Amino acid sequence: MTTTIPIFPLNTVLYPGGMLPLRIFENRYLEMTRDCLRDTTPFGVCRIKEGVEVGKPALPEAVGCTAIIADWEMPHLGVFLLKARGEQRFRIRNHTAQSSGLLRAEIELLEDVPGSANEESLALCRGVLEQIVSRLGTEYFFPPLAYDDPRWVSYRLAEVLPLALEEKQSLLETRDDHERLTRLYGFLKSSS
């Protein structure tokens, strides 16, 4: 099943369950924000493949994550401060740029494949994540903190570790929780 949503290309990767603070000031994204708030609909966040965040439309990666606006404020006219929550991975079937420069894409939602987590991988990844969360603070993560869920641990660790954007994108495209956790475990082992 496909649906059409606006796309927000950024120099970041958003994962399901992740928190994304945004400062919206360009007209195309102000209108997108207004529409998403009014209709309680998601928008898509995709890492930029080619181009830049501001100005003419950037070319997005094919796989991104839907986002809903969890909290917002308008400190002054023409600026929205948003806290968006990552919801579900998707693949872009095709996209077009509107006259405003806003990209709209026909997307297919992607399901994750639950994998049996290796206990050693999960234990190390969970331990590192617990240390990072205790240093950063829980306000940077949507509750509940699900340290026993391999998918939650792998997505949270992927967003906070100092990985190259290409690697973060590759982890987003990885459908299998076990594989994602195993790759993160390998990164942690090679960094220690």
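Residues numbered from 1 in each chain as written. Predicted model: local features only at pLDDT ≥ 70, side-chain atom pairs only at ≥ 80, totals over all residues. Heavy atoms only, no water.

*Asks:* Break down the overall build of the protein for me, citing the residues and quoting the values.
*Replies:* In terms of helices and strands, the protein carries five helices and seven strands. Counting from the amino terminus, helix and strand elements in the protein follow one another as β-β-α-β-β-β-β-β-α-α-α-α. Here the C-alpha coordinates of the protein stretch approximately 50 × 35 × 30 Å along the principal axes. In the protein, which comprises 192 residues, the proportion classed as buried is 44%. Relative to all contacts within the protein whose residues are 6 or more apart in sequence, the contacts with residues 24 or more apart total 66%. As displayed, the protein offers around 9,900 Å² of accessible surface, 51% of which is attributable to carbon and sulfur atoms. Distance between charge centres in the protein, computed from 22 positive and 27 negative side chains, equals 3 Å. (Helix = DSSP H or I, 4+ residues; strand = E, 2+ residues; numbered from the N terminus. Buried < 20%, exposed > 50% of the residue type's maximum accessible area, 1.4 Å probe, protein only. Contact = heavy atoms within 4.5 Å. Areas by Shrake-Rupley, 256 points an atom, 1.4 Å probe, with all protein chains shown as cover. Lys, Arg positive; Asp, Glu negative; His and termini not counted. Charge placed at Lys NZ, Arg CZ, Asp CG, Glu CD.)

*Asks:* Tell me about helix α5 (residues 177-191), and please be specific about residues and values.
*Replies:* An ideal rise of 1.5 Å per residue puts 21 Å on 15 residues; α5 measures up with 21 Å between its terminal C-alpha atoms. Three or more residues of α5 are buried, namely D177, R180, L181, L184, Y185 and L188. Projected down its long axis, α5 shows its buried positions confined to an angular sector of 135°, all on one face. Here α5 starts with a cap whose side-chain oxygen sits 2.8 Å from the backbone nitrogen of H178, and that cap is D176. (Expected span 1.5 Å × (residues − 1). Arc of directions from axis to C-beta. Polar contact = N/O pair within 3.5 Å; in protein donor to acceptor, adjacent residues only side chain to side chain.)

*Asks:* Provide a residue-level description of the side chain of Q169, including the pertinent values.
*Replies:* Looking at the element boundaries, Q169 is found in helix α4 (residues 165-173). Classification of Q169 as buried rests on a relative accessible area of 3%. Polar contacts involving the side chain of Q169 include one to the side chain of E173, which spans 2.9 Å.

*Asks:* Could you give me a rundown of the packing of helix α2 (residues 119-136) against α5, with the residues and numbers involved?
*Replies:* Remark: α2 packs on α5, axes separated minimally by 9 Å, with the N-to-C direction vectors making an angle of 65°. Where α2 crosses over α5, the two elements pack in a sense that is left-handed. From α2, E120, S121, L122, L124, C125 and V128 reach across to α5, where they touch L181, L184, Y185, L188 and K189. Here the contact of α2 with α5 is built from residues that sort into eight nonpolar, one polar and two charged. (Axes fitted to C-alpha atoms, helices over the stretch in contact; angles between N-to-C directions. Left-handed = near helix turned anticlockwise from the far one by under 90°. Nonpolar A, V, L, I, M, F, W, Y, C, P; charged D, E, K, R; others polar.)

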